[in-house]
Each structure stands twice: as C-alpha cells, then as structure tokens.
Amino acid sequence: MDPIDCTPPEYILPGSRERPLCPLQPQNRDWKPLQCLKVLTMSGWNPPPGNRKMHGDLMYLFVITAEDRQVSITASTRGFYLNQSTAYHFNPKPASPRFLSHSLVELLNQISPTFKKNFAVLQKKRVQRHPFERIATPFQVYSWTAPQAEHAMDCVRAEDAYTSRLGYEEHIPGQTRDWNEELQTTRELPRKNLPERLLRERAIFKVHSDFTAAATRGAMAVIDGNVMAINPSEETKMQMFIWNNIFFSLGFDVRDHYKDFGGDVAAYVAPTNDLNGVRTYNAVDVEGLYTLGTVVVDYRGYRVTAQSIIPGILERDQEQSVIYGSIDFGKTVMSHPRYLELLERTSRPLKILRHRVLNDRDEEVELCSSVECKGIIGNDGRHYILDLLRTFPPDLNFLPVPGEGLPEECTRAGFPRAHRHKLCCLRQELVDAFVEHRYLLFMKLAALQLMQQKASRVEGPPSLENGGSLSSESKPEDPPGPEAGSEEEGGSAGGLAKVKELAETIASDDGTADPRSREVIRNACKAVGSISSTAFDVRFNPDIFSPGVRFPESCQEEVRDQKQLLKDAAAFLLSCQIPGLVKDCIDHAVLPMDGATLAEVMRQRGINMRYLGKVLDLVLRSPARGQLDHIYKIGIGELITRSAKHIFKTYLQGVELSGLSAAISHFLNCFLSSYPNPVAHLPADELISKKRNRRRRNRPPGAADNTAWAVMTPQELWKNICQEAKNYFDFSLECETVDQAVETYGLQKITLLREISLKTGIQILLKEYSFDSRHKPAFTEEDVLNIFPVVKHVNPKASDAFHFFQSGQAKVQQGFLKEGCELINEALNLFNNVYGAMHVEICACLRLLARLHYIMGDYAEALSNQQKAVLMSERVMGIEHPNTIQEYMHLALYCFASSQLSTALSLLYRARYLTLLVFGEDHPEMALLDNNIGLVLHGVMEYDLSLRFLENALAVSTKYHGPKSLKVALSHHLVARVYESKAEFRSALQHEKEGYTIYKTQLGEDHEKTKESSEYLKCLTQQAVALQRTMNEIYRSGSSANIPPLKFTAPSMASVLEQLNVINGILFIPLSQKDLENLKAEVARRQQLQEASRNREKAEEPMATEPEPAGAPEDSASQPQAAKDPSSPSLQG
C-alpha cells in the first residue's frame, strides 16, 4: 500500500480550542482569473443609422483586446467584421484584415492571440467541472461568508444592471410578465393522469421559483428606495408599491388595522401567518379556489410582502370587491354560496368547522373560514381568497381571555401569558397531531365499551335485534378491565379493528348496526369532542376568541364545546408534544446540530418557536439532563440569536443607507467582541458637504435621519438580549456579556456569528476574527460585505414523485432491495421532471440510491450517486449545513470501500471541521464521526492518531448514551483493537473487559456478541502471555535469545470496512433462502398491521422530505434483522 499523508490539520484534532473560519471556503492562492479581453461593450455608435441598416448592419461592438488593441466590430446579417470607426470618428467600412466571420469568437481569435489561447483554456476548464457546480438552483441560497474579491471593470455587467431596473424581465423584451395570470393558469392545467400531473406540477414549480426571484429583487429595490410609491404623498411607512406586476406593502400597521391585535407587532407577523395559510390552501389544491402568489422578504430590518395582483382590484374599492368575509375584523360580515361550497371542500383536510357568526345588524352569517379571510371575484371571474392569517385556531397559551380558565397542565407551566400580539395560532402539524391523538382515544374508548358490553352479554344470553351483527364477530377477548382497551396491546388490537369496522358501518348509515353499538360510538364521539355523533370528526372554529366576533344564541353550546377543544389542544402541546420532543432527543431519534435543524424538529411536532423557553425548561428538569447537553446548548444559542435578531431589526430601521456597514459592524462588535467599548464610525467622516442643512432624499421607509444606533454599548445590548429572552421566551439568561454567555453555557462565538448572520442576512468577509481581543474590536466596516434578503415562500411539491419515493422506502425496509431501488430511480426521474436538476428532495433520493447500491455491492454506482448528493446539498442547503455534513460522511464511507483512502480521510476531516464550526465538539454525531476517522486511521496504521479520535468517540458516546449502552461497548472494542495493533495488551484487555461486561449485562451470556467478545479476550490474553514470555527470555539470556517472531496484526481493509459498516448502521446478514422467506412473511404481516394507521396518516400528514439521519440505531449489531433507520436497509439475500 502506498504511504498516504493522513495528518489532520491541528485545528480539527480532538480537544483543539481553535475554530478558524478561512478553511470554510478554501482558496487557491495562486489562482488568477484568465483574462481574454479587457473590454467588450456596445459601441457608442449604436443603433445603426438608416442607410447602414439597409446594408444589413445590426449593431456595433467596441473591443479592447488583451494586447491593448482597440477595434470596432460590425455585427451584420452576413456575420461579424472589423470596421474603421474610432472613438470619435464613424466609418462603417470594413477594416483590414477583411475577414468576415460567422461567429464573434472566431473573429476575436483572428485579431488577438491571447484571446485564442485563454478562451480555449477557459472552455476546457468549464467542461471539466461537474454540471451540478454550474446549474442554477431554483431558489437563491446566500452564503454568510465570502472571500475578498477583486472588483473588475465589466461593461456588460454594468449595462445588465441598469437595463433591468425598469422591471422588465430579462428574457421577455418589451413586456412585463402577468404573474397572477401565470400562477393561476398553471393551477388550472388538467391533472387526470401522470403525464398531465407532471406537466402541471412542473409549470407550477417553475412559475413559483421565477415569481419568488422577481419578488425578492423587487422587495430589495423598494427598501433601497429605487421604486416609486403608488401613494407618494403619504408617510413612508404607509406607502405601497407596484413593480413588475407585483404589489409590495411594508409590515407596519397602516390604518390602525391591527389596533386590537398588537399594532405594528401584529402587522409584522400577519404576513408570515398569511403565507402559512396560502401554503396550506395550495397543498389542499381545490379546483376553482385561487390564492395569491405570496412572498415575504425580510431585508435591512423591514418586512416586505410581495403579492400577485388580482385583476381589477386596483380600479375598485375594497368594500365593493369583498363578497365573502369581513374587512373590519367581524363588524360587517358577508357570505356567498359559491365560496361556502368551495371552502367546504377544504374544511375536512384543514379541520375547519363551518359555523355562523353575527354581523353588526345582528344577522346570522354562515362562514367556513375565519372572518378575516376575504373572498374577491376578480375581473377574470376567478374566486380568490386572501388574508388567510387566521387559517388555524388561536393558541390559548398566549391569549389570556378574561373569565376563561385553562386546563391544569397549562396553568402549571405559567400559562396563559400575554404575548406581544394576538395573532398566535397553533401550527398545522399540531392540529393534525392533536386530531390523530383524539382518534386513537376515540378508538380505545369505543373498544373498551364494546368489551364491557360483551362481558355483560356473556353472562346473560345475547339478545340482538339485528341478527346478531356483533356476536358473530365476538371472539372471547381479554377480560374487560380499566386497562383492557387502552394499554394491553394483545386484546385491544382486535378490539380496535372491530371498532373501526363498526364506525364505518354506522358512518355509512345503512342501518345494519344495532342501537347498542350506535350508543357506543355516540358516547365515544361525545367524549373526544367530535362534531358528528355517528363518526369521528374533530374540527376547529378559527373565530373562537377572536376580538370583535360574536356568535348567535342558538350556537352557544357548540361554541362552549369549541372553547373546550381549544383548551385541550393548548394543553396537548404542553403535555404531549414538548415532552415527546425531549424524549426523542434523549433516544437520539432526532439529532439537531444547529438552530435551523432544531427549529425544524420543533415545527415538525407543531411546537412554535415561542415555546423554546419551555422546551429548555423541560430539558433542564429532565432526569437525563447530561444526555441533552447538546440540545440545551443549541437551544440557548438559538434563544440568544433570536433575541438579538429582534433587537437588530429595529436597530437597522434607524440606519440610513450610507451608514449601513458601519452600523452592522458596530452591532456585531457589541454582540460578539470582548473589546469593552467599541466606537461606531459615523459615515460623515470621509466627506464634508457644502450645504449641511440639505434634507436627504431617499430615506428608508419609516425612519428619521438619526445616528442613535452609534451610541449602543455591549452592556446595553446584552441587557436588552436578556430582557427580550425573558419577555418573549420566558427564559432567564444568566449572563451580562458575551464572554459570560460563552462561559456559562459552553457556546462558541463563531457559532453565534454564523447563526445571527444566517438569520439576518449579513454576509461577512472570510478571514480570522479575534473575538477575544480586549485591545481592538473584532469587526471593522470593511468586514461587512453585504446584507441579503431572508425570503419565505411557498414550496410547491411533486406529489407523484414523493409517493414513489415513499413506496421505495417501504420496499427497502421490507428487504426488497431491487424493487425498492427501481421505485427510487423512478422517483428520481419524476423529481427531475418537476424540479429540474437541483432540489432538496432530489438530494434525499440520491443519498438513498447511493446507500442501496452500496448494500448491493455496487460501490462505483454508490460513489457516483453520493458525490452528486454532496454537490447538490452544498448548493441547495449551504456548504456547512448539517445535512451536507451527513452527506460528506456517507461519501467518505463509499470512498473507503472503493479503496480511495486519502479522499475518505479528507472528507471525514472536512466533516469534522464543519461540525466543530457549526456546533463544537460535544455532540453525539461527533462520536460517529470520530469512530469513522479512527477506524480509517487504524486501517492505514496511524495508531496514535487513531487512538486520539477513538478515545474521544468513547468519551462522547459514554456521555450521551450512558456508560451501559451497546454503542459504548462497541467503542471499547474499537479502542482495544488499536491497542492490540500497538502490542499494548494491558490497555487492550482493560477496554475489551469493559465491553464484555456491557454485553453480558445487556444481552446475556448466550448472545453471539458476548461470545465474540469473550473469544477476543482469550486471544488477547494469549498474546499478552506470549509477549511476556519473550520479554522474560530476553532478560534471562540477553540479546542472544532465540525469539520466535511475534504476530502483530495490522488490520485488513476488509475488517476495517466491516467495522465501518457496523458503526454507520449498515448490516449484511447472511441468510439462507428459508430464513429470507420467513422474514419476508413476518415483515409483510407487520406491514398489514401498520397499514391501517399509516393510511390515515398519509392522508393527513404534511410532506417530510428527509429520512432519519443514518447511524441512529444503538449499536446496530444488536438490532433485529432490519436496522432502525429507514435510509439504512440491511438485508442481503
């Protein structure tokens, strides 16, 4: 084996405190951009005069070659040629050499040797790059760091920037796009069969990503002051804008619209709530009901809502246009039969109750949405709904209502708490989880009652009117008891199946069910708050507790039930969802690594970010507090950066454009630098104006000319952060400076910098920052390169492709790898069809394919797919996103299997560096990473280095999985193997004994793992004894001793690979054909049992794009046949 350099850089070794930033984007120092031409631009002689047009002249170009030759080129209908014009003299006649060329490149090759050479090299380089490095992503991803780039002169770029200012899209000269028409027409496309649906989804996705890009550009232009308002005479906060057929409004409470809801704060959150509503109605996708294209952009401290324009809305008053809903929060309310019919179709999936409210004339009006939801028929005859900010029911934990008490679970946790605004809603995921929970309760209650009935019937002879519809299916079940229907799975499975059948019979209302069973269902329905008494149907009335909404007398009982349901939902969030999240974190079912992944995990369970303080409280009180250390750190970091973001938002609104970089660097110094008193540089330093009293023209909206931001101090900022954390998240931070925060909570400044930059859109210069210097501030104005918009938008889904992907995953879990592989491939094709080449879901698809090919032994194919997944993850998620780190680890494994050892090591080192930057060393994932690195280093015989990583992995595993865990036993075994290779048998024995003890207590004497460990102990003991004998021999007879050579085992690549597979959750189990048949039958049986519950979930659950992270199982060798992780199938026939 060729020697390879395995030395990792100092800063990624275990225990290193250094966290450099530059390696994040490695720069090639010697690289110089190839210059082919100095200038290529449109000539000042354009457009061609009439007589030259008639000679076929189309336009003139002006070129300065790399050799400093200035030439003028005519582009004509016959081709390109040089003309005799100069900068000051127009002469269109051909110049020598009189060479007519069909392509501009060919002509430039003739006149400039440098161009000829460099352009060829440039093209060759471009072709060598992977296509995924060049293809555009559907939604822009911004990096929070960037290297220093030379700003070169480029006339084409300059022209581009100013021609598109008019708001014309680049590729449709002379006309703007009618966004609303495009968005709605794509929705109307037919969708009867697969090809039609694919075409429709592709069109929807394309228009959405174009609209998002245009809306983002427009929003930036609005805030930068480059767009004229449509109401310029009003105050800047109240201005509205139209650019490129998109309507822009700012997130301020304009006409006291949100006065009762919290003013500007409510106006700031309303757009995101509205966007969630749009997302939801789009997902339900009811024919004939239309929503507006909506994008919410946060930029420079302002929130801009961009919407497509309903045809005709600008010519009419809003009062005339609205024919459904209310424009004054429930005083005047209107309804419309067509809207009721359309919204009725969405009510079941969205769990919205059709209800009646009173208007100001005390008339009853029927609605099937909240009162704020407005219906407008556009001039195109389409039925639009807008203002969907209260699609979901209110969150009572944050909405104190006088005279209404909350359940005990809520009051114990200190709720209700007054929030800043009254628009707090429950998330859709929570509503779905709550209804699912109620459904299980309903089934258990009914099963329990049926069993009690049956028990009473067994004693007396059954007398059923309806030909014994129940007794015919009654087999003797478990004796009824308080637990019979709820906990003891044995009896309740049959009971639940029976209830299901009964519920369907009654719901279909064909009169075959007997009265007693009807009674059972009726009681169960009443108990769980169902709106129907014959079938399970839980829905919410979104107007309950809305200020200003009144209900008719006849509905009082229904309103009372609805209030109770909302209180139960609020309690469910606190008593089930948050403890469930903490339990999943203890079990490592979820492994967040940064703020964004933690937020995603919370949202999947329907927990809003305002509950972050409560989650952290529960983590602190948890008996397994030590195993939740990583969650606590991420949570505290997220809490601090979110509080800082809230302060930064208002801070930026007071800054004028010329002071932006100074203000941002000053804020970052106060937030992160240890320098005690940073001073802000006011922008007036460089230039002195003649007229000092002139008013500035384009001021940012809603801000006075002021420099109040310059007086902020670190003490003041951190005091505000702690206050904000207390007020918003109800969590008390114990720190007064950044250094205290870092010390108390074990945070990293670089991590805090990454989090705040991603949340606010700051881009900083890629260089090393000395945060801890007390002599100079960490940031200067030059370090702030840019500020980007943070964009929220709808993500249209590829439904068919996703179903294929799910079926493929299911097949793989059942052990049908070939069929699974085919389905996943099909899903990949469909995803590509809809999304184009780049998308998060395609990334998940490629990863699973790579894993399948690897398991089936096709390493080359695995490597190729995984490489694509890595490139794509870097492009669509970001180069240091936790997902990208995972992809690096998979790629490293496949590289090792394909004998590319140095590449595998480089990838693992990169993954470790990114993990250190994003979180730090103390994370459960780090154990897996270090085990991987240690094993590969062991394989290339770097024993000392290998030990450093493996022993760190052992320490981390012990902390997060507990000293008695099987993962820890495996870790001990890996360390023992390296000590054996070093011939340090005493240490090896010590570690292997630890592992053996764990196996023995956890799995028992007879388990194969325990036996393997015991064998290995014997083998180690023999080697130790042999070595001791030899040493004694040497002592006795000096150097002349006749010593048999010792057998030191350098590990074989196969054995290292086997261990790598084990720690990464991939198992190859040699099974006989008969075993395989039995196993498949068993899996199929289990599948059928789960199918019933899964069908319901599938109908309701929002789309999840990502299987669990790999390597989740406890030492996977102890798993049953199929490993836990859905993306790690483990059967090998």
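Owing to the predicted nature of the structure, the values given are computational and were not obtained by experimental measurement. (Residues numbered from 1 in each chain as written. Predicted model: local features only at pLDDT ≥ 70, side-chain atom pairs only at ≥ 80, totals over all residues. Heavy atoms only, no water.)

Peer 1: Which residues make up the sheet that holds strand β11 (residues 322–324), and what values go with them?
Peer 2: Taken in spatial order, the four strands of this open sheet run β8-β15-β14-β11, and their pairing is mixed. In this open sheet, the two edge strands, each paired with only one partner strand, are β8 (289–290) and β11. One ladder, built from four bridges, connects strand β14 (residues 374–377) with strand β15 (residues 383–386); its direction is antiparallel. Bridged to G375 within β15 is I385. (Pairing = 2+ DSSP bridges. Helix = DSSP H or I, 4+ residues; strand = E, 2+ residues; numbered from the N terminus.)

Peer 1: So what's going on with the environment of A911? Which residues, and what values?
Peer 2: When you line up the elements, A911 lands in helix α28 (residues 901–918). In the structure, A911 is positioned 31 residues away from E880 in sequence and 8.8 Å away in space, judged by C-alpha atoms. Contacts of A911, omitting those with residues within four sequence positions, involve I885, Y888, M889 and L929. (Contact = heavy atoms within 4.5 Å.)

Peer 1: Would you mind going over the packing of aromatic side chains in detail, with residue names and values included?
Peer 2: All chains considered together, the criterion is met by 34 aromatic pairs. Where Y290 meets Y384, the ring centres are 6.0 Å apart and the plane angle is 50°; that geometry is what we call tilted. Taken as a pair, Y290 in strand β8 and Y384 in strand β15 lie far apart in primary sequence, 94 residues in all. Take Y290: its relative accessible area is 9%, and that puts it in the buried class. Residue class for Y384 comes out buried when judged on its relative accessible area of 0%. Seen in terms of ring centroids, F667 and F671 are 6.3 Å apart; in terms of plane orientation they differ by 35°. Their pairing is tilted. You can see F667 and its partner F671 sitting in helix α19 (residues 660–672), four residues apart, about one turn around the helix. Judged on exposure class, the residue F667 and its partner F671 are both buried. (Phe/Tyr/Trp six-rings, centres within 6.5 Å; stacked < 30°, edge-to-face > 60°. Buried < 20%, exposed > 50% of the residue type's maximum accessible area, 1.4 Å probe, protein only.)

Peer 1: Break down the packing of helix α32 (residues 985–1003) against helix α33 (residues 1008–1037) for me, with residues and values.
Peer 2: It is the contact of α32 with α33, at a shortest axis distance of 9 Å, that shows an interaxial angle of 160°. Taken together, the axes of α32 and α33 lie roughly antiparallel to each other. Crossing geometry of α32 relative to α33 is assigned as left-handed. Residues F985, A988, L989, E992, K993, G995, Y996, Y999, K1000 and L1003 of α32 lie in contact with α33, whose contacting residues are K1009, T1010, S1013, S1014, Y1016, L1017, L1020, T1021, Q1023, A1024 and L1027. Taken together, the residues that form the contact of α32 with α33 break down as eleven nonpolar, six polar and four charged. (Axes fitted to C-alpha atoms, helices over the stretch in contact; angles between N-to-C directions. Parallel < 35°, antiparallel > 145°, perpendicular 65-115°, else oblique. Left-handed = near helix turned anticlockwise from the far one by under 90°. Nonpolar A, V, L, I, M, F, W, Y, C, P; charged D, E, K, R; others polar.)

Peer 1: Please give an account of the sheet that holds strand β7 (residues 246–250) that cites residues and values.
Peer 2: Here we have five strands laid out as an open sheet, ordered β6-β7-β10-β9-β18, and antiparallel in their pairing. The strands lining the two open edges of the sheet, one partner per strand, are β6 (240–243) and β18 (790–793). Neighbouring strand axes in the sheet, compared pairwise and without regard to direction, differ in orientation by 20° on average. The pairing of strand β9 (residues 294–299) with strand β10 (residues 302–308) spans six bridges and is antiparallel. Bridge assignment links V295 to a residue of β10, and that residue is A306.

Peer 1: Could you give an account of the nonpolar core, naming the residues involved and the relevant values?
Peer 2: Residues F671 and L733 are the most contacted members of the largest nonpolar core, which totals 267 residues. Top element by residues in this core is helix α15 (residues 556–586). It accounts for 13 residues. Apart from the residues within four sequence positions on either side, L733 is in contact with I636, L639, I640, I721, C722, A725 and Y745. In this structure, C36, L61, I73 and A75 belong to the second largest nonpolar core, which totals 14 residues. (Core = buried A, V, L, I, M, F, W, Y, C linked by side-chain atoms within 4.5 Å.)

Peer 1: Tell me what's going on with the side chain of N931, and back it up with residues and numbers.
Peer 2: Topologically, N931 is positioned in helix α29 (residues 924–939). Accessibility expressed as a relative area gives 7% for N931, which makes it buried. With sequence-adjacent residues up to four places away left out, N931 is seen in contact with L950, A953, S971, L974 and I1063.

Peer 1: Describe the pairing of strand β4 (residues 79–83), and please don't skip the residues or the numbers.
Peer 2: Among the five residues in β4, five count as buried, and that is most of the element. Burial along β4 is two-sided: the face carrying G79, Y81 and N83 and the face carrying F80 and L82 are both buried. Two strands pair when backbone bridges link them, and strand β3 (residues 70–76) and β4 are joined in this way by five bridges, in the antiparallel orientation. Residue pairing in the sheet places I73 in a bridge with L82 of β4. The loop that links β3 with its antiparallel partner β4 comprises two residues.

Peer 1: Tell me about the pattern of salt bridges, and name the residues and values.
Peer 2: The full count for this structure, using the stated rule, is 68 salt bridges. For D57, the salt bridge goes to R52, with nearest N and O atoms at 2.9 Å. R191 is the salt-bridge partner of D285, the closest N and O atoms lying 3.2 Å from each other. Of this pair, D285 sits in the loop between α8 (263–284) and β8 while R191 sits in the loop between α6 (179–188) and α7 (194–223); the two residues are 94 residues apart in sequence, bridging distant segments of the chain. Note on R191: relative accessible area 24%, which makes it partly exposed. Salt bridges here are not isolated pairs; linked through shared partners, they connect D594, E638, R642, R754, E755, K759 and E880. (Salt bridge = Lys/Arg side-chain N within 4 Å of Asp/Glu carboxyl O.)

Peer 1: Before we move on, can you summarise the state of the cysteines with the specific residues and values?
Peer 2: Applying the stated rule across the entire model yields zero disulfides. The cysteine C424 is free of any disulfide, with C425 supplying the nearest cysteine sulfur at 7.5 Å. (Disulfide = S-S within 2.5 Å.)

Peer 1: Any details on helix α22 (residues 749–760)? Residues and values, ideally.
Peer 2: Helix length check: α22 (twelve residues) gives 16 Å between terminal C-alpha atoms against 16 Å at 1.5 Å per residue, within 8%. In terms of burial, α22 is largely enclosed, as eleven of its twelve residues are buried. Burial in α22 covers these residues: K749, I750, T751, L752, L753, R754, E755, I756, S757, K759 and T760. A positive backbone phi angle near 85° is found at G761, which sits one or two residues after α22. (Expected span 1.5 Å × (residues − 1).)

Peer 1: Break down the pairing of strand β2 (residues 57–65) for me, citing the residues and quoting the values.
Peer 2: Strand direction decides the pairing type here: strand β1 (residues 37–42) and β2, joined by five bridges, are antiparallel. The residue bridging V39 from the neighbouring strand is I64, located in β2. Bridging between β2 and β3 involves seven bridges; their strand directions are antiparallel. Paired with M59 across the bridge in β3 is A75. In textbook terms, the turn of a hairpin is the stretch between consecutive antiparallel strands, and for β2 and β3 this stretch comprises four residues, one of which, D68, has a positive phi near 70°.

Peer 1: A description of the confidence of the model for the protein should follow, citing residues and the corresponding values.
Peer 2: Per-residue confidence for the protein averages 86 on the pLDDT scale, and 85% of its residues sit at or above 70. Confidence over residues 165–174 falls short of pLDDT 50; this stretch has 15 contacts with residues more than four positions distant or in other chains. Contacts for the low-pLDDT stretch residues 691–697, under 50 throughout, to residues beyond four places or in other chains number three contacts. (pLDDT = per-residue confidence, 0-100.)

Peer 1: Talk me through unusual backbone geometry; I want residue IDs and the actual numbers.
Peer 2: Omega for the peptide link from N46 to P47 comes to -15°, which places this bond in the cis form. The topology assignment puts P47 in the loop between β1 and α1 (50–53). Omega for the peptide link from F415 to P416 comes to 0°, which places this bond in the cis form. On the secondary structure map, P416 appears in the loop between α11 (408–412) and α12 (428–459). Despite not being glycine, R300 shows a phi value in the positive range, around 50°. Looking at where R300 falls in the secondary structure, it is placed in the loop between β9 and β10.

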